[in-house]
Amino acid sequence: MTESTAARQPRRSAGSKAAGTTGTKAAGTTGSKAGTGARRTTRTTGTTRTAAQKGSETELVQLLTPEGERVGTARNSPYAEYASYVADITPDELRGLYRDMVLTRRFDAEATALQRQGELGLWASLLGQEAAQIGSGRATREDDYVFPTYREHGVAWCRGVDPTNLLGMFRGVNNGGWDPNSNNFHLYTIVIGSQALHATGYAMGITKDGADSGVIAYFGDGASSQGDVSEAFNFAAVYNAPVVFFCQNNQWAISESNEKQTRVPLYQRAQGFGFPGVRVDGNDVLACLAVTRWALERARRGEGPALIEAYTYRMGAHTTSDDPSRYRHDDERVAWEAKDPILRLRRFLESAHHADEGFFAELEAESETLGKRVREVVRAMPDPDRFAIFENVYADGHALVDEERAQFAAYQASFAEAEGV
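The model shown is predicted, which means the values in this text are computed figures rather than measured ones. (Residues numbered from 1 in each chain as written. Predicted model: local features only at pLDDT ≥ 70, side-chain atom pairs only at ≥ 80, totals over all residues. Heavy atoms only, no water.)

Colleague: Hey, could you go over the overall build of the protein for me, with residue numbers and the actual values?
Modeller: Within the protein, the secondary structure is distributed over 15 helices and nine strands. Split into buried and exposed, the 421 residues of the protein put 52% on the buried side. For the protein, restricting intrachain contacts to residue pairs at least 6 apart in sequence, the fraction spanning at least 24 positions comes to 74%. (Helix = DSSP H or I, 4+ residues; strand = E, 2+ residues; numbered from the N terminus. Buried < 20%, exposed > 50% of the residue type's maximum accessible area, 1.4 Å probe, protein only. Contact = heavy atoms within 4.5 Å.)

Colleague: Describe in detail the layout of surface pockets, supporting the description with residues and values.
Modeller: Its volume calculated, the largest pocket comes out at about 320 Å³. Tyr150, Arg151, Ile192, Gly220 and His318 are the residues nearest the centre of the largest pocket, which is lined by 22 residues in total. Counting only elements with at least two residues in the lining of the largest pocket, the list comes to strand E4 (215-220) and strand E6 (252-253). Residue classes in the lining of the largest pocket are distributed as eight nonpolar, 10 polar and four charged. (1 Å grid on protein atoms, 1.4 Å probe; cavity = no way out; pocket = protein on both sides within 12 Å on 5 of 7 lines; lining within 4 Å. Points joined across faces, edges and corners; volume = space filled by probe spheres on them. Nonpolar A, V, L, I, M, F, W, Y, C, P; charged D, E, K, R; others polar.)

Colleague: Account for the pattern of salt bridges, with residues named and values stated.
Modeller: The final tally for this structure, using the stated rule, is 27 salt bridges. A salt bridge links Glu368 to Arg106; its shortest N-O distance comes to 2.9 Å. Of the two residues, Glu368 is situated in helix H14 (residues 357-379) and Arg106 in helix H3 (residues 91-116); the sequence distance between them amounts to 262 residues. Its salt-bridge partner being Arg333, residue Glu337 comes within 2.3 Å of it at the nearest N-O pair. Placement of the pair is Glu337 and Arg333 together in helix H12 (residues 330-337), with a separation of four residues, close to one helical turn. For Glu337, a relative accessible area of 35% gives the class partly exposed. With a relative accessible area of 22%, Arg333 lands in the partly exposed category. Counted as one network, the salt bridges with shared partners bring together Asp144, Glu297, Arg298, Arg300, Arg301 and Glu303. (Salt bridge = Lys/Arg side-chain N within 4 Å of Asp/Glu carboxyl O.)

Colleague: Account for unusual backbone geometry, with residues named and values stated.
Modeller: The phi torsion at Asn184 lies on the positive side, around 50°, for a residue other than glycine. Mapped onto the elements, Asn184 comes out in the loop between helix H7 (180-183) and helix H8 (194-209). Classification of Asn184 as buried rests on a relative accessible area of 16%. For Asn392, which is not glycine, the phi dihedral falls at a positive 65°. By the element assignment, Asn392 lies in the loop between H14 and helix H15 (399-420). For Asn392, a relative accessible area of 77% translates into the label exposed.

Colleague: Residue-level account of the sheet that holds strand E8 (residues 277-281), with values.
Modeller: Strand order in the open sheet formed by five strands is E3-E4-E5-E9-E8, with parallel pairing between adjacent strands. The outermost strands of the open sheet, each flanked by one partner alone, are strand E3 (145-147) and E8. Put simply, the sheet's adjacent strands are angled 20° from each other on average, direction ignored. Across the face of the sheet, helix H4 (residues 130-137) comes into contact with E4, strand E5 (243-249) and strand E9 (306-311) while running at roughly 165° to E5. (Pairing = 2+ DSSP bridges. Axes fitted to C-alpha atoms, helices over the stretch in contact; angles between N-to-C directions.)

Colleague: Go over the environment of Gly72 with me, naming the residues and quoting the values.
Modeller: Note on placement: Gly72 falls in the loop between strand E2 (47-50) and helix H2 (80-83). On the accessibility criterion, Gly72 (13% relative accessible area) is buried. A C-alpha to C-alpha distance of 6.4 Å links Gly72 and Ala83, two positions 11 residues apart in sequence. With residues near it in sequence (within four places) discarded, Gly72 still touches Leu63, Ser77, Tyr79, Ala80 and Ala83.

Colleague: Please provide a residue-by-residue account of a nonpolar patch on the surface, values included.
Modeller: A contiguous nonpolar patch, built from Phe235, Val238 and Tyr239 and spanning about 340 Å² of accessible area, is present on the exposed surface. Locating Tyr239 in the fold gives a position in the loop between helix H9 (227-238) and E5. (Patch = residues over 30% accessible without salt bridge, like charges linked within 9 Å, V, L, I, M, F, W, Y side chains within 5 Å. Areas by Shrake-Rupley, 256 points an atom, 1.4 Å probe, with all protein chains shown as cover.)

Colleague: Run through the packing of H3 against H4, naming residues and quoting values.
Modeller: At a closest axis distance of 10 Å, the pairing of H3 and H4 adopts a crossing angle of 130°. One way to sum up the angle between H3 and H4 is to call them oblique. Here H3 runs over H4; the crossing is right-handed. Together, Leu97, Asp100, Met101, Thr104 and Arg105 of H3 and Glu130, Ala131 and Ile134 of H4 make up the contact between the two elements. By residue class, the composition of the contact of H3 with H4 is four nonpolar, one polar and three charged. (Parallel < 35°, antiparallel > 145°, perpendicular 65-115°, else oblique. Left-handed = near helix turned anticlockwise from the far one by under 90°.)

Colleague: Talk me through the pairing of E8; I want residue IDs and the actual numbers.
Modeller: Moving residue by residue along a regular strand, the side chains alternate between the two faces of the sheet. Across the five residues of E8, five count as buried, placing the element largely inside the fold. Neither face of E8 is exposed, since Gly277, Arg279 and Asp281 on one face and Val278 and Val280 on the opposite face are all buried. Pairing of E8 with E9, which is carried by five bridges, proceeds in the parallel orientation. Bridging across to E9, Asp281 finds its partner in Tyr311. Handedness of the crossover joining E8 and E9 through helix H11 (residues 285-300) is recorded here as right-handed. (Right-handed = clockwise from strand over helix to strand, strands pointing away.)

Colleague: With reference to specific residues and values, describe the environment of Phe233.
Modeller: Along the polypeptide, Phe233 turns up in helix H9. As a C-alpha pair, Phe233 and Leu197 span 36 residues in sequence and 8.4 Å in three-dimensional space. Each residue touching Phe233, except ones within four places of it in the same chain, is listed here: Phe219, Phe245, Phe273, Phe275 and Leu307.

See below:
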């Protein structure tokens with residue numbers, strides 16, 4: 001019942017129509033034009049500077065305004081080539097994207113409530129980042145491989161991972177909860193930034209295997225300051241790896257603002273490594289879908305990596321152990337609420353007559369059903385087998401692991417003996 005409507009549609013890399021007609025053209029020209037902007041210069045008082053050097057004049061790909069107006073489709077639009085990747089999107093697919101975001105937000109809210117009730121040890125909310133995750137997640141093909149951090153609940157939804165499986169780790173009953181090869185969705189990564197290297201290595205392996213799949217790695221603006229990410233950029237560029245680096249810039253790395261982490265927009269870092277970077281409106285699900293389709297299709301064609309900076313906002317706390325009121329003003333959050341990704345798409349659906357009240361009412365009921373299911377499943381999760389931690393460490397077993405298992409068994413038995421005294 002919780003499978004996404006959009007999930008039942010065949011996955012398309014860049015849109016069958018767009019990839020066959022305008023896809024090649026878009027990927028061939030947009031990387032430098034709308035991405036890094038390295039080839040465009042502006043003459044000012046006798047000096048020449050690239051678009052990447054104009055710090056305050058950064059480009060933001062937007063196809064759906066906060067008021068729900070479709071833009072960027074005109075031929076003279078600087079983003080028309082990106083728009084071609086969603087030009088043939090149907091009303092049913094649009095409703096599917098909306099449904100994805102609504103149910104993902106409900107799941108996230110339920111998980112936050114469960115943590116507050118003591119049912120989960122910790123939770124990292126995605127509130128406000130639904131468009132970035134659903135848009136990019138729906139751009140992937142089944143044979144693509146995804147490397148998430150610990151907040152990509154929407155991407156997991158798009159990849160078909162049961163949302164309740166995400167909660168086992170945060171409840172402390174498993175070490176991941178799902179087989180990454182079943183959905184080509186890697187386990188959550190808690191170590192900040194390391195997954196960028198994992199994704200790059202995997203992408204290099206894909207190239208050696210001769211496959212035409214793509215890889216996408218998710219990380220936040222805070223992780224972009226990690227050395228692992230820079231190393232991944234360099235390796236990916238040098239080896240022309242088919243990987244897309246998707247940075248969700250939600251403005252805050254825990255309590256450190258983005259402006260204290262970097263002196264240039266994050267997407268411009270890509271040009272220093274020799275591949276295109278694009279900044280997209282992270283609250284615009286259509287723009288995120290289009291740009292990610294472009295980047296993945298480009299990677300699959302063997303044109304190398306790309307960096308996408310989804311410019312968005314973390315509406316809630318970094319995790320449930322955080323108090324954002326200690327380091328940011330509430331008026332900042334209020335300003336971003338006006339750009340809410342779900343409300344934005346709803347306005348478009350209503351103005352375009354793609355959805356009626358019946359659709360929204362039915363979705364609300366489905367949302368309630370999902371919330372109830374999440375609560376019931378979490379509270380019924382059994383405690384893990386205490387000895388499971390020793391399994392699958394080595395494929396063929398190991399003497400040291402056997403010794404540790406025996407020591408642990410003796411330790412556990414000591415409690416039974418004490419109770420029997």
